[in-house]
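Residue-level structural notes
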Amino acid sequence: MLQLVDLRVKYGNIEVLHGINLEVKEGEIVTILGANGAGKSTTLLTISGLVKPASGAVYYHKTSLHKRPPHKVVEAGIAHVPEGRRIFGTLTVQENLNLGAFTCRDAGRIRKTQEWIYELFPVLAERRNQLAGTLSGGEQQMLAIGRGLMSHPKILLLDEPSLGLAPLLVKTIFQTIQEINQSGGVTIVLVEQNARAALKLAHRGYVLEVGNIVLEDTAQGLLANSDVQKAYLGGG
Amino acid sequence: MEEFFQQLTNGLAVGGIYALIALGYTMVYGVLKLINFAHGDLFTIGSYLGLTLLTSLSLADRLGPAAGVLVLAVMVMGLVAVVGALLERVAYRPLRQSPRLSAVVSALGASIFFSNALMLIYGARFQVYPQGILPKVAVNIFGLDVPLVRILILAASVLMMLALYFFIQKTRIGTAIRAAAIDQDAARLMGIDVDRVILFVFLIGPALGGVAGLMVGLHYGQINFTMGWIYGLKAFTAAILGGIGNIPGAMVGGILLGVVEALGAAYLSMAWKDAIAFGVLIFILIVRPTGLLGERVAEKV
């Protein structure tokens, strides 16, 4: 459904992705693991069009995405929940969700999606008229995910959803991600530093090291891989 | 007491004009974090276009004063909006990825270009608006004779500000403008075409600034190609006073500045008018560096 082909990305003169190939099939949760600066976020930013590749291509259902501006990528059905959440702090929770539905003009569908999001995250419903900047970190992450879902995406790109959250909250968020995938039917690309949690959730995974994909396997395969255990799972 | 209320209504009318211009500064700053130094000249262009249309089409004779001025205002707004959009296209869009200072220099260049173009076309001398477009009558409010023009200016600017506020708060494009002002990339990820948002800002701001130019022409009767500089500076002050980037702030700042300036000029000295205006700015910035309505929301990490 989504395919990255020999994707190279440069910031100025520095190449940060050295030609990566990656594929996501419909209904999957695919995780991208890697250390800081490996190029995980850049990969997602290139898919959503905020960063333009130097060469290579991004295909979505055989149509190329990499030449489209970000808002066209959202219209095509790919929503990106960025690193650091990037919610609109001076707007209310409800306004943030409305913005998530910016590309959708079907009021009935928006209402249905919103009900679903309030079911997934009841705390957002309680706080719908509160300014988003006053929410706790965990609530902001829920809002960021909810806002991403408001566009009714086929693919949801999640960048470090567990960043800075308490372990208990991480568990809740990851359960909800699974629910979004299973009952919502949304394909998910998950970038995570918390490799163990991500692999438990995912069907398949890629390991990114300084701009190259060094490993690609099923989630079980990666969990059992001794290199992965050493580098990312704290085992040895 | 009569003197006080006369100066108050005068200040409110001038304040309305400042506020209309200030909105253009604050909206552009909000989305692009750029001070559009050419904005004062768009205001001047509005007053000159108003003069040309007024004399060449003789709208007031054909449609009567009320409808004539209304049609004239709409035409001026439309034309200056187009100039604003062209300005963005030519002077700012090519520099979108450049350091912010480049755009500021480009803005200053555009300002010089506009004021000199006006001088070449219309000449360096003051131009005079035809007299008697709006009937020179006074309206009696609580025993006070207030010139009709003042009331019309205040009413028109308040009406336009309310319309703008409603537009920004309630419409789809308005919400997109607010989102882009907070975080452009996040707005893009919501599916908002930020280039279009910027275009809209460069249509609305110049339209309001242009109609303010027309108001000055109708009110004072005299216009000059350099007047955009001082009006622009005052309106910029008003925008900072209210909190730059904040739309209600520009409205409050403009009105406040107009009133303080008028009262100061009346009771202290006419010569101190500008000093008072900038003195207020300095005072507010010392007490509240973010401006009167500038917001400070702590980002939770």
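Since the model is a prediction, treat every value here as computed from it, not as a measurement.

Time to look at the overall build of chain A. Within chain A one finds 10 helices and 10 strands. Referenced to the eigenvectors of the C-alpha coordinate spread, the extents of chain A come out at roughly 45 × 40 × 30 Å. Buried residues in chain A amount to 46% of all 236 residues. Counting only contacts in chain A whose residues sit at least 6 apart along the sequence, the fraction spanning at least 24 positions is 66%.

We now examine the packing of helix 1 (residues 2-32) of chain B against helix 8 (residues 194-220) of chain B. All names here are of chain B. The interhelical angle for the contact between helix 1 and helix 8, taken along N-to-C directions, is 165 degrees, at an axis separation of 8 Å. Judged on the interaxial angle alone, helix 8 and helix 1 are roughly antiparallel. In terms of crossing hand, the pair formed by helix 1 and helix 8 is left-handed. For the pair helix 1 and helix 8, the contacting residues are Ile17, Leu20, Ile21, Leu23, Gly24, Met27, Val28, Val31 and Leu32 in the first and Val197, Ile198, Val201, Ile204, Gly205, Pro206, Leu208, Gly209, Val211, Ala212, Met215 and Val216 in the second. For the contact of helix 1 with helix 8, the residue count by class is 18 nonpolar, three polar and no charged.

On to the sheet that holds strand 5 (residues 63-64) of chain A. All names here are of chain A. With antiparallel pairing, four strands are arranged side by side in an open sheet as 2-1-4-5. Because the sheet does not close on itself, it has two edges, and the strands there are strand 2 (14-24) and strand 5. Pairing between strand 4 (residues 55-60) and strand 5: two bridges, direction antiparallel. Within strand 5, the residue paired with Tyr60 across the bridge is Thr63. Along the sheet, helix 1 (residues 40-48) makes contact with strand 1 (2-11), strand 2 and strand 4, crossing strand 2 at roughly 70 degrees.

If you check UniProt for "transmembrane region" (unreviewed entry), the listed places come out as residues 12-35, 42-60, 66-87, 107-128, 148-168, 197-220 and 275-294 of chain B in our numbering. Spanning residues 275-294 of chain B, this segment combines 65% helix with 0% strand, and its end C-alpha atoms are found 23 Å apart.

All names here are of chain B. Contact geometry of helix 1 with helix 10 (residues 247-267) gives a least axis separation of 6 Å together with a crossing angle of 145 degrees. Like other packed secondary-structure pairs, helix 1 and helix 10 cross with a definite hand, here right-handed. In terms of residue class, the contact of helix 1 with helix 10 is made up of 18 nonpolar, 10 polar and two charged.

Attention now moves to the interface of chain B and chain A. Taken together, the 19 residues of chain B in the interface contact 24 residues of chain A. For the side of chain B that touches chain A, the elements supplying multiple residues, two or more each, are helix 6 (172-182) and helix 7 (184-189) of chain B. Each residue belonging to the side of chain B that touches chain A can be placed in one class, and the counts come to nine nonpolar, two polar and eight charged.

Residue and element names in this part refer to chain A. Under the domain assignment, chain A is made up of domain 1 (1-77 + 155-163 + 184-235) and domain 2 (85-152). With centres defined by C-alpha atoms, the gap from domain 1 to domain 2 works out at 25 Å. Counting residues at the interface gives four residues for domain 1, matched by six residues for domain 2. Of the residues that constitute the side of domain 1 that touches domain 2, the class distribution is three nonpolar, no polar and one charged.

Here the focus is the confidence of the model for chain B. Residue and element names in this part refer to chain B. For chain B, mean pLDDT is 91; residues scoring 70 or higher make up 98% of the total. Under a pLDDT of 50 for its full length, residues 297-301 has, in the predicted model, 10 contacts with residues more than four places off or in other chains. For this predicted complex, the interface score ipTM comes out at 0.93, while the overall pTM is 0.89.

Another point: unusual backbone geometry. Residues and elements named next belong to chain A. In this model, Asp6 sits at a positive phi of 45 degrees, which is unusual for a non-glycine residue. Residue placement: Asp6 occurs in strand 1. Classification of Asp6 as partly exposed rests on a count of 13 C-beta atoms within 10 Å. Non-glycine residue Lys62 carries a positive phi angle of around 75 degrees. Here Lys62 shows up in the loop between strand 4 and strand 5. A count of 7 C-beta atoms within 10 Å places Lys62 in the exposed class.

All names here are of chain A. Pairing in this open sheet of six strands is mixed, and the strands run 6-7-8-3-9-10 from one edge to the other. Across the chains shown, the open sheet's two edge strands, defined by having one partner strand only, are strand 6 (78-81) and strand 10 (212-218). Sheet twist, expressed as the mean angle between neighbouring strand axes with direction ignored, is 15 degrees. Along the sheet, helix 7 (residues 167-182) makes contact with strand 3 (29-33), strand 7 (155-159) and strand 8 (187-192), crossing strand 8 at roughly 155 degrees.

Here we come to the pairing of strand 3 (residues 144-147) of chain B. All names here are of chain B. Sheet topology note: the strand 2 (residues 138-141)/strand 3 ladder contains four bridges and is antiparallel. Within strand 3, the position partnered with Asn140 by the bridge is Asp145. Linking two consecutive strands that pair antiparallel, namely strand 2 and strand 3, is a turn of two residues; a positive phi of about 50 degrees is found at Phe142 within it.

The subject of this paragraph is the pairing of strand 7 of chain A. All names here are of chain A. For strand 7, a buried count of five out of five residues is recorded, marking the element as mostly surrounded by other parts of the structure. On strand 7, burial covers both faces: Ile155, Leu157 and Asp159 on one face and Leu156 and Leu158 on the other are all buried. Two strands pair when backbone bridges link them, and strand 6 and strand 7 are joined in this way by four bridges, in the parallel orientation. In the sheet register, Ile78 faces strand 7, and the bridge partner there is Ile155. In this sheet, strand 8 lies alongside strand 7 in parallel orientation, the contact comprising five bridges. Within strand 8, the position partnered with Leu156 by the bridge is Ile188. Assessed by its sense of winding, the connection that carries the chain from strand 7 through helix 7 to strand 8 is right-handed.

Parameters and conventions
- Residues numbered from 1 in each chain as written.
- Chains lettered and ligands numbered in written order.
- Predicted model: local features only at pLDDT ≥ 70, side-chain atom pairs only at ≥ 80, totals over all residues.
- Helix = DSSP H or I, 4+ residues; strand = E, 2+ residues; numbered from the N terminus.
- Buried ≥ 20, exposed ≤ 12 C-beta atoms within 10 Å, placed from the backbone.
- Contact = placed C-beta atoms within 7 Å.
- Axes fitted to C-alpha atoms, helices over the stretch in contact; angles between N-to-C directions.
- Parallel < 35°, antiparallel > 145°, perpendicular 65-115°, else oblique.
- Left-handed = near helix turned anticlockwise from the far one by under 90°.
- Nonpolar A, V, L, I, M, F, W, Y, C, P; charged D, E, K, R; others polar.
- Pairing = 2+ DSSP bridges.
- UniProt positions renumbered as here; feature names shortened; annotations may be inferred.
- Domains from an automatic or database assignment.
- pLDDT = per-residue confidence, 0-100.
- Right-handed = clockwise from strand over helix to strand, strands pointing away.

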